[in-house]
2 protein chains.
Amino acid sequence: MKRIMLVVAYDGTNYHGWQLQPNAVTIEGVLNQALQQLTGETIQVTGASRTDAGVHALGNVAVFDTESKIPAEKFSYALNQRLPEDVVIQKSFAVRPDFHPRHCDCQKTYEYTILNRTFPLPEYRNTAHFYYGALDLDAMQKAAQAFQGEHDFAGFCSAGAQVKTTVRRIDRLEIIREPDDRIRIMVQGNGFLYNMVRIIAGTLLEVGKGVILPECMAGIIASGDRGQAGPTAPARGLKLIGIEYLEEQPEAGR
Amino acid sequence: MKRIMLVVAYDGTNYHGWQLQPNAVTIEGVLNQALQQLTGETIQVTGASRTDAGVHALGNVAVFDTESKIPAEKFSYALNQRLPEDVVIQKSFAVRPDFHPRHCDCQKTYEYTILNRTFPLPEYRNTAHFYYGALDLDAMQKAAQAFQGEHDFAGFCSAGAQVKTTVRRIDRLEIIREPDDRIRIMVQGNGFLYNMVRIIAGTLLEVGKGVILPECMAGIIASGDRGQAGPTAPARGLKLIGIEYLEEQPEAGR
């Protein structure tokens, strides 16, 4: 028996999110199916981040156990032959048998993309939130500073999640405008509450529009009041860039 | 009666190319349909570049005549409300009544994208040609120089096109490798033969693989022999970036 980690990229447009559902196509579902086809075993992967419907990933993580004799590094190639074009394994390797992708300290990086121009661009229709109005990038960047560091993000969390604490640490929040009119909001931290990145993006959009002043951001965060933050920005703009495990490094390549 | 020019962006994935066909969905077809819905007139647009199935555009050009009282600049907004998400008008404006988008001197810019890494990326599955093997970028850039200037490109043309001359001028051919492993081949010239950019891309790929030596490129062009050039690279990697009209400038904004 060995435990294998998969780094998974996907376009979430045609999926009902990560998590297995009985009557809907999900990322977890197609991974389980491809693994069963490949190994003949009944396999259930355990995901690091259960992304919502329409959310994308460049490097989400899943682990599974198998008795298969296929070398860990070959699973990527073998699975990609059995997976649809919009789900692609980027890497596979052995990890220690008790490694759990949700119970280890890690750094997660997300990117939220806003396409900000007069007319939409077809190529970004599923991977960016389109907004045509003027956005004050300086104000957004100023407001972004208030998120840095450790805070109780109770006001930046959708109802329904059960967590012990709503305290999280954001190590990096950068906003860049690209020449093709994409505004990329890059967020890195040690964990995120349910919908947290989308609510941060929705709130920064309100700042860009001039609805929320950047000087008020620290107070809004401190209030812990979901009603003071902005709306949850649409799923299509969100992408999980990657997860870096810090302590108890998975034993890559073993 | 006025003549209006449209600058059209589209993701060509779900279309049978530009040109109107009786039983297939085409870009020209959806434009004609949206114009009829908007104006009540029976309108046939005339396109500048009749792109193949699967080819994309950021700025293809079409013109049409109308008696409509809608201001020329407003057609973009009104049409976008009636067009599918993967076809978006970027601009609309009046041009002189005898302006023809295929009979005026112009500069066309195309981009061919190769995604060159171990595994595909889902987000580029419809907009880049995936190639996993090593590519010698230096060799490709050296070979690219042979294309610059005026040449008889008879060897870089698919059968079926009827043209008076196969002489064309390429003003720019640049190849750039992006940090995310895309290789972008940018080509600018005064006109292109049928499949010319895709055959250039396919030939440069052979150079990158080491199958064709960069020193042989000038001779291959001079031969005029389709058999000496490389294969036609897949449609999905090609994008028409834009068309710039030189003489007889359309009277924008009139």
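These numbers were taken from a predicted model, which means no experiment stands behind them.

K.L.:
For the interface of chain A and chain B, give the residues involved together with the corresponding values.
P.N.:
In this complex, chain A contributes 24 residues to the contact, which on the side of chain B involves 24 residues. Here chain A packs against chain B, burying approximately 1,900 Å² in sum over the two surfaces, 56% of which is carbon and sulfur. Three residues, Phe119(A), Pro122(A) and Arg125(A), lead the burial of chain A against chain B; their summed loss comes to 33% of the area buried on that side. Inspection of the region where chain A meets chain B yields six salt bridges.

K.L.:
Go over the confidence of the model for chain A, please, and point to the residues and values.
P.N.:
Should the pLDDT be low somewhere, the predicted coordinates at that spot are not to be read in detail. Per-residue confidence for chain A gives a mean pLDDT of 95; residues scoring 70 or more make up 96%. Both scores are available for the predicted complex, with the pTM at 0.93 and the ipTM at 0.91.

K.L.:
How would you sum up the relation of the copies chain A and chain B? Please name residues and give values.
P.N.:
At an RMSD of 0.0 Å, chain A and chain B line up after a rotation of 180 degrees and a shift of 0.0 Å along the axis. Accordingly, the operation relating the two chain copies is best matched by a two-fold axis. No C-alpha of chain A lies nearer the rotation axis than that of Glu123(A), which sits 4.7 Å from it. A shared binding surface is used by both copies, with 100% of the interface residues of chain A retained as interface residues in chain B.

K.L.:
Describe the environment of Ile200(B), naming the residues involved and giving the relevant values.
P.N.:
Inspection of the secondary structure puts Ile200(B) in helix α4 (residues 196-209). Taking the C-alpha atoms as reference, Ile200(B) lies 10.0 Å from Gly155(B); in sequence the two are 45 residues apart.

K.L.:
Which residues make up the pairing of strand β9 (residues 182-189) of chain B, and what values do they have?
P.N.:
All names here are of chain B. In terms of burial, β9 is largely enclosed, as eight of its eight residues are buried. Residues Arg182, Arg184, Met186 and Gln188 of β9 are buried on one face, and the alternating residues Ile183, Ile185, Val187 and Gly189, pointing to the opposite face, are buried as well. Where strand β5 (residues 106-115) lies against β9, eight bridges are found, and the strand directions are antiparallel. Residue pairing across strands places lysine 108 opposite glycine 189, the latter belonging to β9. As paired strands, strand β8 (residues 167-177) and β9 are joined by seven bridges and run antiparallel to one another. Within the sheet, the bridge partner assigned to arginine 172 lies in β9 and is glutamine 188. What sits between the antiparallel neighbours β8 and β9 is a turn of four residues, in which aspartate 181 has the positive phi angle 75 degrees.

Criteria and thresholds
Residues numbered from 1 in each chain as written. Chains lettered and ligands numbered in written order. Predicted model: local features only at pLDDT ≥ 70, side-chain atom pairs only at ≥ 80, totals over all residues. Heavy atoms only, no water. Contact = heavy atoms within 4.5 Å. Buried area = accessible area lost by both parts, 1.4 Å probe. Salt bridge = Lys/Arg side-chain N within 4 Å of Asp/Glu carboxyl O. pLDDT = per-residue confidence, 0-100. Least-squares fit on C-alpha atoms with pLDDT ≥ 70 in both. Helix = DSSP H or I, 4+ residues; strand = E, 2+ residues; numbered from the N terminus. Buried < 20%, exposed > 50% of the residue type's maximum accessible area, 1.4 Å probe, protein only. Pairing = 2+ DSSP bridges.

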